[in-house]
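Close look at the chain arrangement
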Amino acid sequence: MDLGLTGKVAMVGGASRGLGLAVARALVAEGAQVSIASRDALRIDAAAAALREGTPGAQVLAVPADLRTADDITTWHEATLERFGGVDLLFVNTGGPPPGPVLSFDDHAWQQAVDLLLLSAIRMVRLAVPVMASRGGGSILMTTSSAVKEPIPNLALSNVVRASVSALVKTLSNELAPQRIRVNNLVPGRIDTDRVRELDEGRAKAASISLEEQRTRMEATIPLGRYGAPDEFGKAAAFLLSDASAYTTGAIVQIDGGLLKGVW
């Protein structure tokens, strides 16, 4: 299937590793011009080099930016416009907040989580939408967590704030539809990323078991019997961002191997 992404300009957040890098890789492979951002300058430059090596001739811009701050998001946006002349696609993605139960966090921790997950999304969209509208439309995809459907134990900050992101997606999908801008939510399950490995290590330590045993226990809860590969997530994101899914907006799509058990 031709996704029609050749020449499209995409901004991909949190792209130095994990899900963001996988999405950038899928978009580059489909011919998109990709602007990637992460707060670690060395890692984002290395990610850009890897993307160019994997797809010769790829047009990739790497911008070091802390997506928790409005100034850095603006810097990234302006650098993208200067290099590529516009924005057609936006993949909203950042790292995750620390684990812990609700009452273990003070106001500052909650505000940090809101800045990281919710306000960062609002700020990225606020800048991208006028440019997309001027180009006849666009596509925005936000990644959250399976926690938006089933709260995950000991991930209170993520559970609460990511649910707000899903509400944001549905609200924006209605508000932006007249401008031909689609907004969707992509929900990963147990994708084999550094973030998931770090969480597994913490759970293994708490349960006094090996990391291998922890992973085996988690795989037993997944109907497909394995963790997902980052590129499986990346390809799904590329499809939802593309015109191949032109009639999809306001949706929550799960890439989880059947992990979530609910009907809705």
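Because the structure is a prediction, the values reported are computed rather than measured.

Another point: the sheet that holds strand β2 (residues 33-38). What the 7 strands build is an open sheet, ordered β3-β2-β1-β4-β5-β6-β7; its pairing is parallel. With partners counted over all chains shown, the strands left at the sheet margins are β3 (60-64) and β7 (252-255), one partner each. Within this sheet the neighbouring strands show an average axis-to-axis angle of 20 degrees, counted without direction. Bridge analysis of strand β6 (residues 181-188) against β7 gives 4 bridges, and the strand direction is parallel. The partner of Pro188 across the bridge, within β7, is Ile255.

What the rule picks out here adds up to 1 cavity of 30 Å³ or more. Size it by volume and the largest cavity reaches roughly 70 Å³. Of all the secondary-structure elements, those providing two or more residues to the lining of the largest cavity are α4 (107-134) and α5 (156-176). Here the element with the most residues in the lining of the largest cavity is α4; it accounts for 3 residues.

With that out of the way, let us pick up the packing of helix α6 (residues 194-207) against helix α7 (residues 211-219). The contact between α6 and α7 brings their axes to 8 Å, and the two run at 105 degrees. When the axis of α6 is compared with that of α7, the two are roughly perpendicular. Where α6 approaches α7, its residues Arg197, Asp200, Glu201, Arg203, Ala204 and Ala207 are matched on the opposing element by Leu211, Gln214, Arg217 and Met218. Residues of the contact of α6 with α7, tallied by class, amount to 4 nonpolar, 1 polar and 5 charged.

On to the pattern of salt bridges. This structure, assessed with the given rule, holds 13 salt bridges. Arg17 is the partner of Glu198 in a salt bridge, and the nearest nitrogen-oxygen pair spans 3.8 Å. Within this pair, whereas Glu198 is found in helix α6, its partner Arg17 is found in the loop between β1 (9-12) and α1 (18-29), the two being separated by 181 residues in sequence. Exposure remark for Glu198: the relative accessible area of 42% places this residue in the partly exposed category.

Attention now goes to the nonpolar core. One finds Trp76, Leu90, Ile140 and Met142 to be the most contacted residues of the largest nonpolar core, which totals 38 residues. At the level of secondary structure, the elements contributing two or more residues to this core comprise β1, β3, α3 (70-84), β4 (89-92), α4, β5 (138-143), α5 and β6. Leu90 has contacts with Met11, Met124, Val125, Ala128, Met132, Ser139, Ile140, Leu141 and Leu241, leaving out every residue within four places of it along the chain. Grouped together as the second largest cluster of nonpolar side chains are 32 residues, Ala47, Ala62, Ala237 and Leu240 included.

So, on to the packing of aromatic side chains. Per the counting criterion, the structure on display carries 2 aromatic pairs. Seen from their ring centres, Phe91 and Phe233 are 6.4 Å apart, and the 70 degrees between their planes marks the pair as edge-to-face. Of the two residues, Phe91 is situated in strand β4 and Phe233 in helix α8 (residues 230-241); the sequence distance between them amounts to 142 residues. In this pair, the class of Phe91 matches that of Phe233, namely buried. Centroid distance Phe105 to Trp110: 6.5 Å. Interplanar angle 85 degrees. Geometry classified as edge-to-face.

Scoring rules and cut-offs
Residues numbered from 1 in each chain as written. Predicted model: local features only at pLDDT ≥ 70, side-chain atom pairs only at ≥ 80, totals over all residues. Heavy atoms only, no water. Pairing = 2+ DSSP bridges. Helix = DSSP H or I, 4+ residues; strand = E, 2+ residues; numbered from the N terminus. Axes fitted to C-alpha atoms, helices over the stretch in contact; angles between N-to-C directions. 1 Å grid on protein atoms, 1.4 Å probe; cavity = no way out; pocket = protein on both sides within 12 Å on 5 of 7 lines; lining within 4 Å. Points joined across faces, edges and corners; volume = space filled by probe spheres on them. Parallel < 35°, antiparallel > 145°, perpendicular 65-115°, else oblique. Contact = heavy atoms within 4.5 Å. Nonpolar A, V, L, I, M, F, W, Y, C, P; charged D, E, K, R; others polar. Salt bridge = Lys/Arg side-chain N within 4 Å of Asp/Glu carboxyl O. Buried < 20%, exposed > 50% of the residue type's maximum accessible area, 1.4 Å probe, protein only. Core = buried A, V, L, I, M, F, W, Y, C linked by side-chain atoms within 4.5 Å. Phe/Tyr/Trp six-rings, centres within 6.5 Å; stacked < 30°, edge-to-face > 60°.

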